[in-house]
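Examination of the molecular architecture
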Amino acid sequence: MSIKHRFWSFIELGIDPYLTEYRYNVTESLAKIREKYSYLKNGEESQDKHSIAGRIMGIRRHGKIAFMVLDDGTAEIQLVFRYDILGDEKWKIVELLNIGDIIGVFGRPMRTLRGELSILVEDFKVLSITWRDYPEKWHGIADAEKRYRLRYLDIMLNKKVRSAIVNMYRIEKAFRDFLDAKGFIEIHTPKLQPVYGGALARPFITKMYALNRDVYLSIAPETYLKRSVVANLFKVYEIAVCFRNEDIDAQHYPEFVQIEIYQAFADWNDMMKLVEDMVAYAVKSVYGDYKVEVDKNGDKLVLDFTPPWRRISLEDAIEMFGGIKVKGKNYEELLEIAKQLGVEISDPRKGKLLEKIFEKVAQPKIAQPTYITLFPRDISPLARPYRENPEYAERFEIYIDGLEIGNGYSELNNPIVQYYFFAKEEELRLKSREKFGEVEYHPMDKDFIRALEYGMPPTAGVGIGIYRFMMVLSGLSSIKDVIPYIIVEQENFKTVAEENPDILKYYVEKLKLE
RNA sequence: GGGCCCGUAGCUCAGCUCGGUAGAGCGGCGGGCUUUUAACCCGUAGGUCCCGGGUUCAAAUCCCGGCGGGCCCGCCA
């Protein structure tokens, strides 16, 4: 690059973007200012003075007046820079500012003649600069690879992504508030476990040097939260990161967050009530209403979280949405139905066939929050068999906008039966391996069974996928869009210091780094 | 694990079918402009066309291999 870097222009004006200012006294957020001064009429100026700080997101220059857009993380506002107010010296700095620079601003709220609430700038400080050009303002960052590599830019520029991430925090907080008011406590269960369990999935295996052994990354907090119930912590939950060594697609990612809740002396019906109340509470406190309008790439969908939610049994749902009778059918008949539907299936469990048929014909049609109940017992090794018919489990799943969001049940508290189910799982694994290849199964966990042997009360539990829930609420179709940062392969590129040895030399000398 | 698609300037993209001097808009830089909302006007710089190999007089373009990324199917939430 032969042209002088604008960094040197700042230095010439006596501004070092890292050495001149070390802090800025912010007195008000832009969200508050927007609220407080909404009364201003066109052309009206307030005499109040505020200090704000943030990133310049847009610039419109008109000679001796310039308009910029400032984002302070709570909202955006237009800044009005005027030569007659700022004077010659400061105007030179205004001319150097680029989109992406970070400034602190002192000024007065006003509304322009065109009706834009603004800050009339009386003074400002350069707090940091950008060394890289920002993406085009209209399309922003659109290339999927760039979005994930430069995720901070995607979060900064893509409003849908940013509000999903901010609202995820608010939803989690509302869940905690709701549960706290009901006397629940949150427990941190181990992420490094000697036996994995609580779900059916392939685990990550890592080396623990302290004990010179392999350990598993937690696939679910379930068995430890149930131990906590045994410990007389009768109302527990955790917002837990879970790791599952499976493939990535639009609905799955190897690390994800779910909230798991366990309540003693309760059954699945109590848990469905708790969940719909909690979710409705959270949605209302974050979005202002039980009904949320979601923009799915231009298509509008109004989700209604008003409790109670619809409850349909798995087999009824297959009949209702798919027009297929499955009740009382045997394994061979169900296999034939699956084949007709084009469902590839290699699993000896009848329940797995039903689940697959449901996923094919019913799941995509469930838009509003719905409980699908009475899952087959043979695919629910941690759930309590249905009191009226042990072919089923007292288990429900939550579906919203065609996505599976959660899973809950009356927890199996019988250590004898739990032992039997785990033993069956091992058997299933060995049997299936010959016939179908590897299937996911739940490993024997005798330590967990021993906990049950000390006595666990009747208990209901649930797990709700936080990322999936946020996908649904924000209308984002890929789970990666609501995960703050995902893994990407390292890439070769040059840093600014590598490309500008003169600037590197400047700082090394200035800060006496050698 | 299987299939399909994408990779060109800082960003968004065109050019690729039918091989023949590397393009536009935005952004950057320089100039003009005191009320704009993707401001506008004039000028200007900016490229390893993802990488490697092959075919050809000639490759961004055709072929092969690789890398990076996306989507779908199978499996997991």
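Residues numbered from 1 in each chain as written. Chains lettered and ligands numbered in written order. Predicted model: local features only at pLDDT ≥ 70, side-chain atom pairs only at ≥ 80, totals over all residues. Heavy atoms only, no water.

1. With respect to the sheet that holds strand E10 (residues 235–243)
In spatial order, the strands read E6-E10-E11-E18-E17-E16-E15-E14; together these eight strands make up an open sheet with mixed pairing. A single partner strand is all that each edge strand has here, and the edge strands are strand E6 (185–186) and strand E14 (310–313). Two strands pair when backbone bridges link them, and strand E16 (residues 395–400) and strand E17 (residues 403–410) are joined in this way by six bridges, in the antiparallel orientation. For Arg395, the partnering residue across the bridge sits in E17 and is Tyr409. (Pairing = 2+ DSSP bridges. Helix = DSSP H or I, 4+ residues; strand = E, 2+ residues; numbered from the N terminus.)

2. Focus on the protein's contact with RNA strand B
With respect to spatial proximity, 52 residues lie near RNA strand B, and among them Arg114, Glu145, His252, Tyr253 and Arg468 are the closest. In this structure, a base nitrogen belonging to RNA strand B sits 2.9 Å away from a main-chain N or O atom of Gly63. With respect to RNA strand B, the side chain of Thr112 contributes an N or O atom lying 3.0 Å from a base oxygen. Elements that contribute at least two residues to the surface near RNA strand B include exactly strand E1 (50–61), strand E2 (65–71), strand E3 (76–82), helix H4 (144–149) and helix H11 (350–361). By residue number, the principal contributor to the surface near RNA strand B is H4, which donates five residues. A per-class count over the surface near RNA strand B returns 16 nonpolar, 10 polar and 26 charged. (Near = heavy atom within 4 Å. Polar contact = N/O pair within 3.5 Å; in protein donor to acceptor, adjacent residues only side chain to side chain. Nonpolar A, V, L, I, M, F, W, Y, C, P; charged D, E, K, R; others polar.)

3. With respect to the domain arrangement of chain A
Looking at chain A, the domain boundaries give domain 1 (3–134) and domain 2 (153–309 + 368–481). Taken over C-alpha atoms, the centre of domain 1 sits 46 Å from the centre of domain 2. Each partner contributes residues to the interface: domain 1 has six residues there, and domain 2 has five residues. Summed over both partners, the interface of domain 1 with domain 2 buries about 390 Å², with 59% contributed by carbon and sulfur atoms. Among the residues of domain 1 in contact with domain 2, Met57, Asp71 and Tyr134 are the three that bury the most area, contributing 67% of the side total. The tally of links from domain 1 across to domain 2 stands at two salt bridges. Among the ionic pairs, Glu76 bridges to Lys159, the shortest N-O distance being 3.8 Å. (Domains from an automatic or database assignment. Contact = heavy atoms within 4.5 Å. Buried area = accessible area lost by both parts, 1.4 Å probe. Salt bridge = Lys/Arg side-chain N within 4 Å of Asp/Glu carboxyl O.)

4. Focus on helix H7 (residues 222–230)
Turn by turn, an α-helix covers 3.6 residues, leaving residues three or four places apart pointing in a common direction. By the criterion of burial, H7 is predominantly enclosed, with nine of the nine residues buried. Buried residues of H7: Glu222, Thr223, Tyr224, Leu225, Lys226, Arg227, Ser228, Val229 and Val230, and no others. Packing partners of the buried residues in H7 comprise strand E7 (192–193), E10, strand E11 (255–264), E17, helix H13 (446–453) and strand E18 (459–465). One or two residues past the end of H7 sits Asn232, with phi positive at roughly 70°. (Buried < 20%, exposed > 50% of the residue type's maximum accessible area, 1.4 Å probe, protein only.)

5. Some words on the pattern of salt bridges
Counted under the stated rule, the structure contains 37 salt bridges. In this structure, Lys36 engages Glu28 in a salt bridge whose closest nitrogen and oxygen atoms are separated by 3.9 Å. Through salt bridges with shared partners, one network takes in Glu45, Lys49, Arg108 and Glu122.

6. What about the environment of Gln78?
Inspection of the secondary structure assignment puts Gln78 in strand E3. On the accessibility criterion, Gln78 (8% relative accessible area) is buried. Distance in space between the C-alpha atoms of Gln78 and Ile379 is 57 Å, their sequence separation being 301 residues. Residues in contact with Gln78, not counting those within four places in the same chain, are Arg60, Phe67, Met68, Thr112, Glu116, Leu117, Ser118 and Ile119. There is a polar contact of 2.8 Å between the side chain of Gln78 and the side chain of Arg60.

7. Re the pairing of E1
Both faces of the sheet carry side chains from a regular strand, because those side chains alternate between them. In terms of burial, E1 is a largely internal element, nine of the 12 residues being buried. Pairing of E1 with strand E4 (residues 102–111), which is carried by six bridges, proceeds in the antiparallel orientation. Among the inter-strand pairings, Gly54 is bridged to a residue of E4, identified as Ile103. Two elements, E1 and E2, share six bridges in a ladder whose sense is antiparallel. By the bridge assignment for E2, Arg60 is matched with Phe67.

8. Examining the nonpolar core
By size, the foremost hydrophobic cluster in this structure holds 58 residues, and its most contacted members are Ile261, Phe305, Ile398 and Phe469. It is helix H8 (residues 268–287) that contributes the most residues to this core, 10 residues altogether. Among all residues touching Phe305, those that are not within four sequence positions of it are Val279, Ala280, Val283, Tyr290, Val292, Pro369, Ile400, Phe469 and Leu473. In terms of nonpolar packing, the next biggest core, distinct from the first, is built from 30 residues, Tyr37, Leu40, Ala66 and Phe124 among them. (Core = buried A, V, L, I, M, F, W, Y, C linked by side-chain atoms within 4.5 Å.)

9. Structural notes on the side chain of Ser410
Within the secondary structure layout, Ser410 lies in strand E17. When its relative accessible area of 2% is taken as the criterion, Ser410 is described as buried. Engagement of the side chain of Ser410 in a polar contact is seen with the backbone nitrogen of Trp268, the distance being 2.9 Å. Within polar-contact distance, the side chain of Ser410 engages the side chain of Glu394 at 2.7 Å. Ignoring any residue separated from it by four or fewer positions in sequence, one finds Ser410 in contact with Asp267, Trp268, Ala383, Arg384, Arg387, Glu394, Thr459 and Ala460.

10. Points about the packing of aromatic side chains
For the structure shown, the criterion picks out 24 aromatic pairs. Here the aromatic rings of Phe7 and Tyr506 are separated by 5.4 Å at their centres, their planes lie at 75°, and the arrangement is edge-to-face. Here Phe7, found in helix H1 (residues 6–12), pairs with Tyr506, found in helix H16 (residues 501–510); they are 499 residues apart in sequence, far enough to count as distant. Note on accessibility: Phe7 and Tyr506 belong to one class, buried. On the basis of an interplanar angle of 65° and a centroid distance of 4.9 Å, the ring pair of Tyr196 and Tyr216 is categorised as edge-to-face. One end of the pair, Tyr196, is in the loop between E7 and strand E8 (205–208); the other, Tyr216, is in strand E9 (residues 213–217), and 20 residues separate them in sequence. Its relative accessible area of 23% is what places Tyr216 among the partly exposed residues. Site record: aromatic cluster; members linked through ring pairs are Phe7, Trp8, Tyr18, Trp131, Tyr506 and Tyr507. One residue, Lys64, lies across the ring of Tyr83, its end atom 5.2 Å from the ring centre. (Phe/Tyr/Trp six-rings, centres within 6.5 Å; stacked < 30°, edge-to-face > 60°. Lys NZ or Arg CZ within 6 Å of the ring centre and 35° of its normal.)

11. Let's talk about the packing of H8 against helix H14 (residues 466–474)
At a closest axis distance of 13 Å, the pairing of H8 and H14 adopts a crossing angle of 50°. With respect to H14, the axis of H8 lies oblique. The handedness of the crossing between H8 and H14 is right-handed. For the pair H8 and H14, contact is made by Val279, Val283 and Tyr287 and by Phe469, Met470 and Leu473, respectively. When the residues that make up the contact of H8 with H14 are grouped by side-chain class, the tally is six nonpolar, no polar and no charged. (Axes fitted to C-alpha atoms, helices over the stretch in contact; angles between N-to-C directions. Parallel < 35°, antiparallel > 145°, perpendicular 65-115°, else oblique. Left-handed = near helix turned anticlockwise from the far one by under 90°.)

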